[in-house]
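Summary of the model geometry
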Amino acid sequence: MVEIQVDGKKVEIAEGSMVMHAADKAGTYIPHFCYHKKLSIAANCRMCLVDVEKAPKPMPACATPVTQGMVVHTKSDKALKAQKSVMEFLLINHPLDCPICDQGGECQLQDLAVGYGGSSSRYAEEKRVVFHKDVGPLISMEEMSRCIHCTRCVRFGQEVAGIMELGMIHRGEHSEITTITGETVDSELSGNMIDICPVGALTSKPFRYSARTWELSRRKSVSPHDSTGANLIVQVKNHKVMRVVPLENEAVNECWIADRDRFSYEALNSDERLTQPMLKQGGQWQTVDWQTALEYVANGLKQIKADHGAPSIGLLASPHSTLEELSLAGALVRGLGSDNIDHRLRHAEFAPSEGVRWLGMPITALSTLQRVLVVGSNLRKDHPLFAQRIRQAARKGAKVHAIASCSQLPDADAWAMTLSATLKAEAGDWLQALADVATAIGAEKGVAAPAAGQAHDAAKAVAQSLLSGERKAVLLGNAAAHHGQAASLLALAQWIAEQTGASFGYLTEAANTVGAQFVGAQPKADGRNAGQMLAGGLKAVLLLNNEPEFDSAAGAGAAAALDAAEMVVTLSPFKANMAFSDVLLPIAPFTETSGSFANAEGRVQSFHAVVRPLGETRPAWKVIRVLGNMLGLPGFAQESSQDVLAALGLAQVDGVARIPAERLSNATRASVAAAKAVAAPAVASIYQLDSLVRRATSLQLTADARQAQGASAA
């Protein structure tokens, strides 16, 4: 540790830190533009010049290392004069368009110009103009004359997103940020460039000119998409969601969010929203009131139970539903006498598990891993924020290995990180590829592997890597979880982890995959699993927040199976499943209801509604509770979603709600079955994951969405 003085305050800071870090620790603000705590130091804006005693000239606080006994003045005449001079240079070419700039009101340049700018400009020459650029449907680069060349966006692409899509060309006042070749910005994390841009050069194209920052209310929420559980700030005007930005949480999403977390709000205001209950009568859809719709459902369930027995009733639930919704849905079906409930819509194998499958480690630990083996995942697209953390580990020297198909890993740069030895194989050969690695590990350690494999060079390279290092993990992706031999893949992953001292677990697909397991949203005894229910035979089917044609392994075949049922009830925020449903009940999306999600590490995060429900929309937990009351079932007296959550028996660890540790387990007693040909696992592409992203207009215009649409058409 080194002790220095900042404006008369003594500060102890680690050796090698910069003056900026010491000032932060002392609570002293130093003006800056290019410095960002998550990015490398560029020192190119010079706004953070400070007066360091015995230094011949002002020094940049972000790039000046601390030394023992250093004395720093941030408010001396020398420092202020330097900062004001830099501000004058920055404003020389900057256009005076604050009144029409989307960044107005939340602009660092605007704020600092008040404190450090002059009342008038001495610059009389012609200002430069930078022509606008079209970089895709998400980011607007219409006013690049505003750019101050801080290069935050360039460094973000290189260091966090892993792909340098923006760069700077030319020199001096001719410098400009561009995509060089005129291509679009296609990173799945690209929206973060909007947040870190300190001026109005990069703005949100969907949000552009729709509201002023001071008109917006800010409310906390949690992302309903992947299993990160990214913390959000939802910005609202006139009971309408206008924008979504990240809420910093170092333990979960740091200060980043994926583009689908940021832009999926467009679906909330789309024409496809279902705003009133609807019944199909004589093949025609009719709008009805809630009482009529719920009575129709309750009477239909009673009649079908009487005619065909309770096992003829089933419920398919989305793992993007909340803990409260899934808990009550399970209670409803089981109260009727059926065990047919499942959230594993895309699975091909339904082996019972001893515990709740989870990541197997804290999310923060992903950034510090030294060895990683990822099996069956398009890591960058399935889990953008987990990929970002593993990318940080790779930048520090971690060796990342993959067993993946050519579509998941078409080339060495597909994951935007440095990969060590990889085994490319189609899904049917993953078990053999993992067995090869296990055999190589067994040969190194002199123990027998649980499955016959071949210790070829690639397998040996992975094995030797996993046997070295300290912090290691074997991570199974969405495709491995949905695989036809998922249990055998897990058994092999467990053996490899035990032999190498690694942790092992699932990246887990959806916002509440872990929570769905915890509340028992799957058959407990002899109930039918999702695959069996979608094969047909049920007389009454409840669909909670999902569209089986897009959200299940059955795909288009689900429609025929469900069309044969006597009654199909869809609970959705959208006009979904209309071809085979008999009742549509409008339930609230995550912005219009309270609820909780359990992310991949078992952390339970609750949120409140940020806007009032649209039209006659109602929270799903409340709809299910009322149905339970109408059916005369016990256990449906909750007054709020908090009452439902309180009954689930969550643990509290350091003030954070979690799934109890004793319930979390990836352990398996399954033996490794012989390798066999299996169908390709059902895995959603990045912008087809759930009903929200599928209806977000801007996301569907991205390169990733177009590529997925082309693949499905082919």
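None of these values were measured; they are calculated from a predicted model.

Quick word on the UniProt feature "domain: 4Fe-4S Mo/W bis-MGD-type" (unreviewed entry) in the protein chain
UniProt records the feature "domain: 4Fe-4S Mo/W bis-MGD-type" (unreviewed entry) for residues 216-272 in the present numbering. Between the end C-alpha atoms of residues 216-272 the distance is 25 Å, and the span holds 9% helix and 35% strand.

Re helix α8 (residues 323-335)
The first and last C-alpha atoms of α8 sit 18 Å apart over 13 residues, in line with the 18 Å expected at 1.5 Å per residue. Of all the 13 residues making up α8, ten are buried; the element is thus mostly covered by neighbouring parts of the structure. All of the buried residues along α8 are L323, E324, E325, L326, S327, L328, A329, G330, L332 and V333. Just beyond α8, the residue with positive phi is G337, at close to 100°.

Side note on the sheet that holds strand β3 (residues 49-52)
Taken together, five strands build an open sheet; the order of strands is β2-β1-β5-β3-β4 and the sheet is mixed. Only two strands of the sheet have a single partner each, and these edge strands are β2 (9-13) and β4 (59-60). For β3 and β4, the ladder comprises two bridges, and the chain directions are antiparallel. Bridge assignment links V50 to a residue of β4, and that residue is M59. Helix α1 (residues 19-26) contacts β1 (2-6), β2, β3 and β5 (71-73) of the sheet and is inclined by roughly 120° relative to β2.

Remarks on the pairing of strand β23 (residues 540-544)
Here β23 lies mainly inside the structure; five of its five residues are buried. Of the two faces of β23, the one lined by A540, L542 and L544 and the one lined by V541 and L543 are each fully buried. By the bridge criterion, five bridges tie strand β16 (residues 313-317) to β23 in an arrangement that is parallel. Opposite L316, over in β23, you have L543 as the bridge partner. Direction of pairing for β23 relative to strand β24 (residues 567-572): parallel, over a ladder of five bridges. Of the residues in β24, the one forming a bridge with V541 is V568.

Examining the environment of N545
Tracing the backbone through its elements, the reader meets N545 in the loop between β23 and α17 (548-551). Using a relative accessible area of 16% as the deciding quantity, one classes N545 as buried. As for N545 and L316, which are separated by 229 residues in sequence, their C-alpha atoms are 8.7 Å apart. Look past the residues within four positions of N545 in its chain and what remains in contact with it is S318, H320, S321, L571, P573, I587 and S691.

Cut-offs and rules
- Each chain carries its own residue numbering, running from 1 in the written order of its sequence.
- Only residues with pLDDT of at least 70 are given local features in this predicted model, and only at 80 or more are side-chain atom pairs given and counted; all residues enter the totals for whole chains, interfaces and linings.
- By convention in this description, side-chain values take in all heavy atoms of the structure and omit both hydrogens and water.
- UniProt positions are given in the numbering used here, feature names are shortened, and annotations may be inferred rather than shown by experiment.
- Think of it this way: any DSSP run of H or I at least four residues long counts as a helix, any run of E at least two long counts as a strand, and we number them from the N terminus.
- Expected helix span is taken as 1.5 Å per residue step, with the number of steps being one fewer than the number of residues.
- Each residue is assigned to one of three classes by its accessible area relative to the maximum for its type, calculated with a 1.4 Å probe on protein chains only: buried under 20%, partly exposed between the two thresholds, exposed over 50%.
- At least two bridges found by DSSP between two strands is the condition for calling them paired.
- Contacts are residue-level and defined by heavy atoms, with any inter-residue pair within 4.5 Å sufficient.
- The convention used is that axes are lines fitted to C-alpha atoms, helices contributing only their stretch in contact, and that angles between N-to-C directions extend from 0 to 180 degrees.

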